[in-house]
Amino acid sequence: MADQSIVSALVLGLIEGLTEFIPVSSTAHILLAGHFLGFKSPGNTFAVLIQLGAILAILSVYAAKLLRIAFALPSSPEARRFVVSILVAFLPAAVIGALAHDFIKTVLFETPILICVVLIVGGVILYAIDRMPLKPRYTDAMKYPPSLAFKIGLCQCLAMIPGTSRSGATIAGALLMGTDKRSAAEFSFFLAMPTMVGAFTLDLYKNRDALSSDDLLLIGVGFAAAFVAGLFVVRSLLDFVSRRGFTLFAIWRIVVGVLGLAALLIWG
């Protein structure tokens, strides 16, 4: 295995961890970076499977809170409602993702120009939402009603188009439906757990025969890098968005999309 492939896997893993939980689309960044690095994986599996590192980053940061929720389930209506809300929000992506998996991976993931355009459009939308004088009615992610959670889950389905951003779609949708920025980002964290585990499991099953030992090594390198970078982001993001909002991420999306289009026009 070429050392260049390992370095590319390390770089892509760091990109995954740094971008998974912010509204800039980790998948878009990985696919574009992989395109220009000449990095290939069977069925574009690498971009999905290294998300396990980011999942474990959330679990490690929120382990104590998740355990409290689990132990409170028998006696706490609030804990049960929260778990139901997460499952209800996860359901739309689970159904649509399973039905459209092959189209997403073979068509949408293979269209860099589409990814760049969606990055730009999503950045403009996120910037506009961040500037709106919205008045939040929900400020605690633990207390979102299931009806609101389901609508956020429908917004998450937009992220099946690379460049949209799973966290961006859920956060933007939540803000428009009356949540504050901090709780919207935290709910997005919790929703990421079943969503990313589901995507990981489905992709691993679909591509189980195509993966070689070399592929697994590269995925392991990317996984480790995504975990370390994801820890940093999860621990700092909530405080950042509470103070600064999402304008910086909106601008970043637009810049990356424009640069990506320019690079595609110049180098192909």
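Structure report, in brief. (Residues numbered from 1 in each chain as written. Predicted model: local features only at pLDDT ≥ 70, side-chain atom pairs only at ≥ 80, totals over all residues. Heavy atoms only, no water.)

Observations regarding the overall build of the protein
The helix and strand inventory of the protein stands at 12 helices and zero strands. Its C-alpha atoms give the protein a radius of gyration of 18 Å, within 12% of the compact-globule value 18 Å for 268 residues. Carbon and sulfur atoms form 70% of the exposed surface of the protein, whose accessible area is close to 12,400 Å². Side-chain charges of the protein comprise 20 positive and 15 negative groups, with the mean position of each set lying 12 Å from the other. (Helix = DSSP H or I, 4+ residues; strand = E, 2+ residues; numbered from the N terminus. Rg over C-alpha atoms; globule rule 2.2 N^0.38 Å. Areas by Shrake-Rupley, 256 points an atom, 1.4 Å probe, with all protein chains shown as cover. Lys, Arg positive; Asp, Glu negative; His and termini not counted. Charge placed at Lys NZ, Arg CZ, Asp CG, Glu CD.)

Some words on a nonpolar patch on the surface
Taken together, L10, L14, L18 and F232 make up a surface patch of nonpolar side chains, about 370 Å² in accessible area. Tallying contributions element by element places helix 1 (residues 3-19) first for the nonpolar patch, with three residues. Here F232 shows up in helix 11 (residues 213-244). (Patch = residues over 30% accessible without salt bridge, like charges linked within 9 Å, V, L, I, M, F, W, Y side chains within 5 Å. Salt bridge = Lys/Arg side-chain N within 4 Å of Asp/Glu carboxyl O.)

Thoughts on the environment of I55
Residue placement: I55 occurs in helix 4 (residues 51-61). A sequence separation of 206 residues divides I55 from L261, and the C-alpha atoms of the two residues are 30 Å apart. Not counting the four nearest positions on each side in its chain, I55 is found in contact with M196 and V197. (Contact = heavy atoms within 4.5 Å.)

Regarding the environment of V11
Position of V11 among the secondary structure elements: in helix 1. Counting along the chain gives 161 residues from V11 to A172, while the straight-line C-alpha distance between them is 28 Å.

Some points on the nonpolar core
Ranked by size, the top nonpolar core spans 45 residues in total, and within it F21, Y62, I152, F187, L237 and F249 carry the most contacts. Among the secondary structure elements, those contributing two or more residues to this core are helix 4, helix 6 (77-106), helix 7 (112-131), helix 8 (146-156), helix 9 (166-176), helix 10 (181-206), helix 11 and helix 12 (247-267). With nine residues, the single largest contributor to this core is helix 10. What Y62 contacts, discounting residues up to four positions off in sequence, is E186, F189, F190, M193, V234 and L238. A9, L12, I115 and I219 belong to the second-largest nonpolar core, a separate cluster that totals 27 residues. (Core = buried A, V, L, I, M, F, W, Y, C linked by side-chain atoms within 4.5 Å. Buried < 20%, exposed > 50% of the residue type's maximum accessible area, 1.4 Å probe, protein only.)

Notes on the pattern of salt bridges
All chains considered together, the criterion is met by four salt bridges. As a salt-bridge pair, R182 and D239 come within 3.0 Å of each other at their nearest N and O atoms. Taken together, the positions of R182 in helix 10 and D239 in helix 11 put the pair 57 residues apart, joining distant regions of the chain. On the basis of relative accessibility, which here comes to 34%, the residue R182 falls in the partly exposed class. Overall, the relative accessible area of 40% leaves D239 in the partly exposed class.

Focus on the side chain of S167
By the secondary structure assignment, S167 is in helix 9. A distance of 3.3 Å separates the side chain of S167 from the side chain of S165, its partner in a polar contact. Ignoring any residue separated from it by four or fewer positions in sequence, one finds S167 in contact with E20, F21, I22, P23 and S188. (Polar contact = N/O pair within 3.5 Å; in protein donor to acceptor, adjacent residues only side chain to side chain.)

Looking at the packing of aromatic side chains
Think of a pair of aromatic rings as described by two things: how far the centres are apart, and how the planes are tilted against each other in angle. Evaluated as defined, the whole model comprises nine aromatic pairs. With a centroid separation of 6.1 Å and 65 degrees between ring planes, the pair formed by Y62 and F189 is classed as edge-to-face. Taken together, the residues Y62 in the loop between helix 4 and helix 5 (63-72) and F189 in helix 10 connect sequence positions 127 residues apart. A single burial state applies to Y62 and to F189, both of which are buried. Through successive ring pairs, a cluster of aromatic residues spans F21, Y62, F82, F189 and F190. (Phe/Tyr/Trp six-rings, centres within 6.5 Å; stacked < 30°, edge-to-face > 60°.)

Description of the packing of helix 8 against helix 9
The N-to-C vectors of helix 8 and helix 9 enclose an angle of 140 degrees; their axes lie 8 Å apart at closest approach. Relative to helix 9, the element helix 8 is oriented oblique. The chirality of how helix 8 crosses helix 9 is right-handed. In contact with I152, C155 and Q156 of helix 8, helix 9 contributes R166, A169, T170, G173 and A174. Here the contact of helix 8 with helix 9 is composed, by residue class, of four nonpolar, three polar and one charged. (Axes fitted to C-alpha atoms, helices over the stretch in contact; angles between N-to-C directions. Parallel < 35°, antiparallel > 145°, perpendicular 65-115°, else oblique. Left-handed = near helix turned anticlockwise from the far one by under 90°. Nonpolar A, V, L, I, M, F, W, Y, C, P; charged D, E, K, R; others polar.)

Describing the state of the cysteines
The tally for this structure, following the rule as stated, stands at zero disulfides. Free of any disulfide, C155 has its nearest cysteine sulfur in C157, 8.8 Å distant. For C155, a relative accessible area of 19% puts it in the buried group. (Disulfide = S-S within 2.5 Å.)

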